[in-house]
Amino acid sequence: MKASVEWLKDYADIDVNAKELGDILTMTGSKVETIDVTGEDIKNVVVGKILEIQKHPDADKLVVTKVDVKDEILQIVTGANNIKVGDIVPIAKDGAELPGGVKIKTGKLRGVDSCGMMCSVGELGLNLADYPEQIEHGIMILSAEMEKNLGKDIVEVLDLKEQVIDFEITPNRPDCLSIEGLGRETAVSLNVSFKNPHKDIEKEAVEDKKELDGLRVDIEAPDLCYRYIARMVKNVKIGPSPKWMKKRLAACGVRSINNIVDITNYVMLEMGQPMHAFDINSISGKHIIVRRAKNGEKITTLDEQERQLDETMLVISDQEKPVAIAGVMGGLNSEIEDNTQTVVFESAVFNGGNVRKTAKKVGLRTEASSRYEKGLSPENAIRAVNRAVQLVVEIGAGEEVKGKVDVYPTKQQTPKVKLDVNRINKLIGLDVSEQEMIAILEKLEMTIKEENGEKYVIPPYFRTDIEHVADLAEEVLRFYGYDKLPTTLIKADTTLGVKTKKQKIEDDLKQLLIAKGLSQICTYGFLSESDLQKAGIEITQETIRIKNPLSEDYTIMRTSTIPSMMQTLSFNNAKKNKDVGLFDISRIYINKNEEIQKGNVPQEETILTIGIYGEDADFYIIKGIVENVLELSGVSRYDIRREEQKLSFHPGRTANVNIGTDVIATFGEAHPMIIENYGILQKVVIAQINIDKIVKYAKSTKKYTEIPKFPASTRDIAVIVAEDIEVAQIERIIQKTAKKILESLELFDVYRDEKIGKNKKSVAYALTFRVKERTLNDEEVNVVMDQIIQNLEKELSAELRK
Amino acid sequence: MEQQIKKAQENAKSEITASEELSTLNDVRVKYLGKKGELTAILRGMGALTPEERPVIGELVNKVRDELEELIAQKEREFKQKQLNARLANEKIDITMPSKKTVLGSIHPINKIIDEVKEIFLGMGYQIADGPEVETSYYNFDQLNTPQDHPARDLQDTFYITEDVILRTQTSPVQARVMENQKPPIKIICPGAVYRSDAVDATHSPVFHQIEGLVVDRDISMADLKGTLEMFVKNCLGKDTKIRFRPHHFPFTEPSAEADVSCFVCGGKGCRVCKNEGWIELLGCGMVHPNVLTNCGIDPKEYSGFAFGFGVERIAMAKYGIEDMRLLYENDVRFLKQF
């Protein structure tokens, strides 16, 4: 909401500058967004009259002029060609300053003295649109009557000085979407009295009529329209508004249209009540009906757009057709025309939520709708319409038709809130006396009423936001001073600040992963359909789609973190970053069992994703990291099983970590096709680890096992097996055969050679045998070794390598 | 015989002194003290001496032997020391050569801030709560005193999945979920991603992170809120950081405030980060609205509470001097490794 300081001065004596005023109002809750000061940067520019124009002796395009600026006659050289002798023009004298830091000094132009400059609209920092009679590339020609101001400061003469403050008004204060409301806040904030210049219209008794010169009003939807007042003016002369009104409108960012439309806008800005003006002739049957629209009904609004209506929307209609979308915008069919003679002013209050919904549906958020949707006071509506009629008469735009049609089915409720001084003080943590509180509240035009020894606060009609004791606390604090709020610490029972198991595991894992050289990334939870496809992730019933996505890039909540990881790796690869290792702890979103359709939230899982490319990127590196993750989290007794189905992964180089049938992680090389999709010309390995499942299976309890006292026996064994035998098969046989006496086995060599044979490999292990209670003797170990060899021969056709 | 001993002694001594390496020294030992050495031979020949001479000579020989042994040992130590010195000198390396360290990874700056904030509040007895990102409008809005068609819903452009299910626009719904499930005293913070329909540019992102705080107990006041936040900002942003409250409005708090902190980049003198104002708008906060408490089954007459929430990106960007928000989500390792 923009407000000019000049207009605010109608309501409060302001003796501080705009910046200070802005600071004070910010601290009482009307936050300043910007302050726009015009006219301050124009100095020593005066009104002058051209007395003489001569050709420049040495330049075809220049002329030498003599200009009267009252105290002296100046010689000025100019290149302008829109001037003639007798013109009144703005003259920047020697030492003048113009917007943008331009300084004017006496000098020579092609050898001829020039003691100043004639100014154009742009050079004065003015908006050409505000001066339609002026041209862009030419000197600003002032009206002939300006001759009386010869030598006077142009800023004064054209009334250019203006300070406009733009406030951020919070949705609870629709009353502050008006100069009056801001004026009231200003007065209380500056601790000066609130001057209400329109008290007269509150006292004015306007007769209630059923019919006003034949005009009737009916509200068919009283749930959506709380009050509808119509007043009329006749013998209207449509024309431009007076300058002062145009100026105030412009300061608030409203374009001037004609006197009647301007009055409706002016009153809205002044009092916060949106108004509408109809030409009586366009209201068929002179009957205004406030009703729900019919499905399929259409209206062309003032902006010349055809709008589709439906039965959830409220319209103002006559006997035949809608003439306005209630609270949003009027219809073109009832617009004020140049020949309009009788005008109906509408001042109504509609259901805020409904206006908001309608405005959204028709895609039209207007100054009116943005006020209505916050909930306006029906008591203000009558003031506004009376003010509009008063203005019409005041500026001579027409004559008042006595009386009003006022349909007011639902009277505004006046709440009363108990003034609980103790609770207010407890809530804010201050010790403000009842007297001080009452003083503040009364300044805000609240009434204090005593009932049965208790004090109650009755807010004024325009404060629709005061309902609770907490609201009173805020009002007290606002004007007692937020800056006077002390800082105290909570006096309450001690609570324990501890991390959950999941938080602990996540934090531990982050430390592990950075020690492994991986950098954490941060990615969006949504992506596009093609992002998923590119990474080999299928779209299913469980994929969640965003109804109103920002763009095609973010339409789907991800069901896999692989696309985000691949995209990030691809980005780094494109930046030529070598050997990149990343991790991401983030979420996936799965609509299991159609929970969303039932109005519930979907399943969200936390996934640790690791992605690496570069020299070291191979299956066994990622396998090692995954095993470290499991080890550090306290997950043991898992199986690593081959995974051949997942489309994102290389079918021969991928594994799952299983606990029973539960897959808690998948890792391996990204599928070559997927890597190609992302334009990364090197191997990429990826792991996805489900943190929620890790947390489920992790055991955090540790128990000490005695360090062995008796020595171990070690044996090496190397066997030749077929290439397609997995080492795990060999290991299972060794473990099964050796049983308890095998302490550990370590693969130390895999060797391939022609001598061994084609499609064969030699696998070598170091085995450690030990029992807890005694030293094993060689014989025992030898027996076991023989059995191991026999079983390997039998089950895997292995042969012992000697 | 005495003469003979003395002579051997002198010879041996001069040979020990003269020897220049361990092997010659060893030769000397063998020559005089070995099984067939001169002194050993003398000792063997003692049988020919008179009983009176025997102890005298014996003592002399032993004395000389001890002396020689000591001399040899001393010489040996000298040699070893020399050898060690030579080896150490030889083994000198260029300590400025690169190490064999593993390259460390890094924590994302957003998480770094979140972790810091978590630590501070854990220390103050807060729990860390968590909630869904795909949230119902019931928790995101209705329970937070922002019913359907409330104008405050327009303040945040919401992504919808259905009419009732949305992407949370704030971490505040976690408040409502916690209050429904937990009796006071409640002290939580909730960090997490939130979604608003803002196009990506240098200062906007449709996904960003917030940290929400909530305390509900008996007699919690707005002054407690200010005190808590002051303690937080001093810990997180520097011990000289000042905090200032301005009135504001949020549907779920009353009274509400916006809190500014003295610029932690320039210390309040005025710089680009604080747009020369000396203050940075940091967070929104207030006393939990009585309607919200009631909605969540907590009696506002018995309990009161405060809540606050702030954007993580904003702090990360100001604290680390990051000027473009997009850097946070591009995840270029050259950027990431700086943290």
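The rules behind each value
- Numbers given to residues run from 1 along each chain, matching the order in which its sequence is written.
- Here the convention is simple: chains get letters from A, ligands get numbers from 1, in the order in which they are written.
- Only residues with pLDDT of at least 70 get local features here, since the model is predicted, and only at 80 or more are side-chain atom pairs given and counted; chain-wide, interface and lining totals rely on the full set of residues.
- Hydrogen atoms and water are omitted, and side-chain values are computed over all heavy atoms in the structure.
- Each residue carries a pLDDT score, the predictor's confidence in it, ranging from 0 to 100.
- By definition, any uninterrupted DSSP run of H or I lasting at least four residues is a helix, any uninterrupted run of E lasting at least two residues is a strand, and each is numbered from the N terminus.
- Two strands are counted as paired when DSSP detects at least two bridges linking them.
- Residue types Ala, Val, Leu, Ile, Met, Phe, Trp, Tyr and Cys, when buried and joined through side-chain atoms within 4.5 Å, form a set referred to as a nonpolar core.
- Here's how the labels work: a residue is buried when its accessible area is under 20% of the maximum for its type, exposed when over 50%, partly exposed in between, all with a 1.4 Å probe on protein chains only.
- In what follows, a contact means two residues having at least one pair of non-hydrogen atoms within 4.5 Å.
- Throughout the structure description, domain borders are defined by an automatic or database domain assignment.
- Criterion for a disulfide: a pair of cysteine sulfur atoms at a distance within 2.5 Å.
- Working convention: axes come from line fits to C-alpha atoms, limited for helices to the stretch in contact. Angles between N-to-C directions cover 0 to 180 degrees.
- Any angle from 65 to 115 degrees is called roughly perpendicular, while one under 35 is roughly parallel, one over 145 is roughly antiparallel, and all others are oblique.
- Two helices that cross are described as forming a left-handed crossing if the nearer one is turned anticlockwise from the farther one by less than a right angle, and a right-handed crossing if clockwise.
- For this scheme, ten residues count as nonpolar: Ala, Val, Leu, Ile, Met, Phe, Trp, Tyr, Cys and Pro. Four count as charged, namely Asp, Glu, Lys and Arg, and the remainder, Gly too, count as polar.
- Take the residue count of a helix, subtract one, and multiply by 1.5 Å to get its expected span.

With 100% of its residues at a pLDDT of 70 or more, chain A has an overall mean of 93. Within chain A, no element has a lower average pLDDT than helix α5 (residues 199–203) of chain A, which sits at 77, and none a higher one than strand β27 (residues 519–520) of chain A, at 98.

Our next topic: the sheet that holds strand β6 (residues 243–250) of chain B. Residue and element names in this part refer to chain B. Strand order in this open sheet of 7 strands is β1-β4-β5-β9-β8-β7-β6, and the pairing throughout is mixed. The strands lining the two open edges of the sheet, one partner per strand, are β1 (127–128) and β6. Strand direction decides the pairing type here: strand β5 (residues 207–217) and strand β9 (residues 304–311), joined by 8 bridges, are antiparallel. Of the residues in β9, the one forming a bridge with Ile211 is Phe310.

Glancing now at the nonpolar core. One finds Phe526, Met557 and Met566 of chain A together with Phe245 and Phe308 of chain B to be the most contacted residues of the largest nonpolar core, which totals 118 residues. Once residues within four sequence positions are removed from consideration, Met566 of chain A is found in contact with Ala670, Ile674, Ile675, Tyr678, Ile680, Val684 and Ile686 of chain A.

Glancing now at the domain arrangement of chain A. Partitioning chain A into structural domains gives domain 1 (2–39 + 162–197), domain 2 (43–157), domain 3 (203–407), domain 4 (417–484), domain 5 (501–697) and domain 6 (713–800). The C-alpha-based centres of domain 1 of chain A and domain 6 of chain A are spaced at 88 Å.

Before going further, it helps to examine the pairing of strand β12 (residues 216–219) of chain A. Residue and element names in this part refer to chain A. Residues Val217 and Ile219 of β12 are buried on one face, while the alternating residues Arg216 and Asp218, pointing to the opposite face, are not. As judged from the 4 bridges shared by β12 and strand β15 (residues 287–292), these two strands associate in the parallel manner. For Ile219, the partnering residue across the bridge sits in β15 and is Val290.

Bringing the state of the cysteines into the picture now. Residues and elements named next belong to chain B. Counting across every chain of the model gives 0 disulfides over all chains. Cys274 forms no disulfide, and the closest cysteine sulfur to it belongs to Cys266, at a distance of 3.7 Å. With no disulfide of its own, Cys296 has Cys190 as its nearest cysteine by sulfur position, at a separation of 14 Å. Here Cys296 falls in the buried class, since its relative accessible area comes to 6%.

A few words on the packing of helix α7 (residues 259–271) of chain A against helix α10 (residues 378–394) of chain A. All names here are of chain A. Where α7 meets α10, the axes come as close as 10 Å, and the angle between the chain directions of the two elements is 140°. The pairing of α7 with α10 is recorded here as oblique in orientation. Note on packing geometry: the crossing formed by α7 with α10 is right-handed. In this structure, α7 contributes Ile260, Ile263, Tyr266, Val267, Glu270 and Met271 to the contact, and α10 contributes Asn380, Arg383, Ala384, Arg387, Ala388, Leu391 and Val392. For the contact of α7 with α10, the per-class residue count stands at 9 nonpolar, 1 polar and 3 charged.

Bringing α7 of chain A into the picture now. Residue and element names in this part refer to chain A. Between its first and last C-alpha atoms α7 spans 18 Å; for 13 residues at 1.5 Å apiece the expected length is 18 Å, and the two agree. The buried fraction of α7 is high, at 13 of 13 residues. Where α7 terminates, the next one or two residues include Gly272, which has phi positive at roughly 80°.

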